[in-house]
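Understanding the architecture of this molecule
The lines below spell out each chain.
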Amino acid sequence: MESYDIELQEAIKNGNNICIAGHINPDGDAVSSALGLALCLKMIGKDVTVLLEDYSHKFYYIKGREMIYKGDYDKLEPDLFIAVDCGSKDRLGDAQSVFDRTENTINIDHHISNTEYAKYNVVYPNASSTSEVVFEIIRNFSVITDEIASALYTGIVSDTGGFKHNCTSPRTHEIASVLIGFEVPYSEIQNKILYSKSREELNIFIKALNKLKIENGISRVILTKKEILESGATYKDLDGIVSFILNIDDVDAAVFVYEKENGKTKVSMRSISTDVSGIAIKFGGGGHKLAAGADFDCTVEEAEKIIVKELEDVVSEGA
Ligand code: 5GP
Ligand code: MN
């Protein structure tokens, strides 16, 4: 970690009433980095409130859920706000209003598209996950407990797809080796978050695979809100579809377009070599080179057309 991190550590030390928030529709890394950091700050005597939208039951085993605030956000007056795994301020959702009225703000992240929106920005695009960045920060001022280690290990496994994605570095493995030195049930964690599927997830998977199309090295699936809900699934059951359809011979890019609960359209992209973050940023979204997404105001069919055209241009350039 670099010298300005002294400033960061001072800011954390000086905070007493701290809000920690992850991005909307929190994934494994957002939940793990938020709760891992919260457990640590609580242990060193801070008053900690976690702001996280509801997330998949898969991650309920991560300790610290009692710190998640369910009350009125207007009542919160923290002296320090820490955003984790959140590439831009609008991705904080309802917590954005709390961020806006807090003087001291920290943004801890690993998205290359991060807009550095806080007073202190700790953004490491080479880190596998925000959980990895949190580990680097807290090892300077806190002991790590079994609970913290399990949380951070979950975030790392989640964002690296089990140490598989190209965001995995020698440092990622070093950190994981420290973490599994604690009582971390690593086999159960890997099974739970990478492989096991609920009936609802399986039903929506079957539906998605029935709608799969593959052309010009691009695999794609579109799902409407009706299709998602009639399969008995919820929006927390959609994780894993886009990565799965990337694992097909001769496919270089995968796109999953679905209608969100609010009627807007979400585009989620994965690739083997094509830079999809550039395309996401072009449409107001963001992410990483090989995993990115964006929201669209048009229908799922229109968004699919736009994105597939963009992808075809770059996939064929790279061919
Ligand atoms: P996913 O496809 O799993 O939703 O997201 C893949 C990656 O892209 C994640 O790192 C996620 O944070 C980022 N991402 C997805 N959608 C958006 C978006 O609308 N805006 C931004 N800034 N990042 C996004
Ligand atoms: Mn992440």
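Okay, so let's go over this structure. None of the values given here were measured: they were computed from a predicted structure. (Residues numbered from 1 in each chain as written. Chains lettered and ligands numbered in written order. Predicted model: local features only at pLDDT ≥ 70, side-chain atom pairs only at ≥ 80, totals over all residues. Heavy atoms only, no water.)

**Description of the packing of helix α2 (residues 28-43) against helix α4 (residues 130-138)**
Note the following rule: Axis definition: a line fit to C-alpha positions, over the contact stretch in the case of helices; interaxial angles, taken between N-to-C directions, run 0 to 180 degrees. Each helix corresponds to a stretch of at least 4 residues labelled H or I by DSSP, and each strand to a stretch of at least 2 residues labelled E; elements are numbered beginning at the N terminus. Working rule for angles: under 35 degrees goes down as roughly parallel, over 145 as roughly antiparallel, 65 to 115 as roughly perpendicular, anything else as oblique. Here a crossing is taken to be left-handed if its near helix is turned anticlockwise relative to the far helix by less than a right angle, and right-handed if that turn runs clockwise. Whether two residues touch is decided by their heavy atoms; if any such pair falls within 4.5 Å, the residues are in contact. Residues are grouped as follows: nonpolar covers Ala, Val, Leu, Ile, Met, Phe, Trp, Tyr, Cys and Pro; charged covers Asp, Glu, Lys and Arg; every other residue, Gly included, is treated as polar.
Closest axis-to-axis distance for the α2/α4 pair is 8 Å, and the angle between their directions is 15 degrees. In terms of orientation, α2 and α4 fall into the roughly parallel class. α2 and α4 meet at a crossing whose hand is right-handed. Two secondary-structure elements touch here, α2 through D29, S32, S33, L37 and C40 and α4 through T130, S131, V134 and I138. Looking at the contact of α2 with α4 residue by residue, the classes come out as four nonpolar, four polar and one charged.

**Side note on the site of ligand 1**
Selection rule: What makes a residue near a molecule or strand is one non-hydrogen atom of that residue sitting within 4 Å of it. Per-residue and other accessible areas follow the Shrake-Rupley method at a 1.4 Å probe size, with only the shown protein chains counted as cover for residues. Residue ranges assigned to the domains are those given by an automatic or database domain assignment.
Around ligand 1 there are 15 residues in total, and R91, H111, K266, S268 and R270 lie nearest to it. Starting from 500 Å² of accessible surface for ligand 1 in isolation, the protein chains cover 84%. When contributions to the shell around ligand 1 are tallied by element, the ones reaching two or more residues are β9 (265-271), β10 (286-288) and β11 (291-296). It is β11 that contributes the most residues to the shell around ligand 1, five residues altogether. Partitioning the shell around ligand 1 into residue classes produces three nonpolar, eight polar and four charged. For the shell around ligand 1, the domains that each give at least three residues are domain 1 (2-195) and domain 2 (199-318).

**Points about the coordination of the manganese ion (ligand 2)**
Using the following cut-off: Donors, by definition, are the N, O and S atoms found within 2.8 Å of a metal, the threshold being 3.2 Å for Na, K and Ca, and water is not counted, so a site can look incomplete. A 1.4 Å probe rolled over the protein chains alone gives each residue an accessible area, and that area as a share of the maximum for its type sets the label: buried under 20%, exposed over 50%, partly exposed in between.
Here the manganese ion (ligand 2) is held by the protein donor atoms D29 (OD), D85 (OD), H110 (NE2) and D159 (OD), which lie 2.2 to 2.4 Å from it. Spacing between the donor residues of the manganese ion (ligand 2) along the chain follows D-x55-D-x24-H-x48-D. Residue H110 is found in the loop between β4 (105-109) and β5 (120-123), and its partner D159 is found in helix α5 (residues 146-160); the two are separated by 49 residues along the sequence. Classification of H110 by relative accessible area gives buried; the value is 2%.

**What to know about the packing of aromatic side chains**
Selection criterion: What counts as a ring pair is set by centres within 6.5 Å for rings of Phe, Tyr and Trp (its six-membered ring), and what kind of pair is set by the plane angle: stacked under 30 degrees, edge-to-face over 60, tilted for all other angles. For a Lys NZ or an Arg CZ to count as sitting over a ring, it must be within 6 Å of the ring centre and within 35 degrees of the ring normal.
Summed over all chains, the structure comprises nine aromatic pairs. On the basis of an interplanar angle of 45 degrees and a centroid distance of 6.1 Å, the ring pair of Y235 and Y258 is categorised as tilted. A residue pair is termed long-range when its members are at least 10 positions apart, and Y235 in the loop between α9 (225-230) and α10 (241-244) and Y258 in strand β8 (residues 253-259) qualify at 23 residues. Given the relative accessible area of 14%, Y235 is considered buried. Given a relative accessible area of 8%, Y258 falls into the buried group. Three or more aromatic residues joined by ring pairs make a cluster, and in this case those are F81, F99 and Y117. We note R65 situated over the ring of Y60; from NZ or CZ to the ring centre the distance is 3.8 Å.

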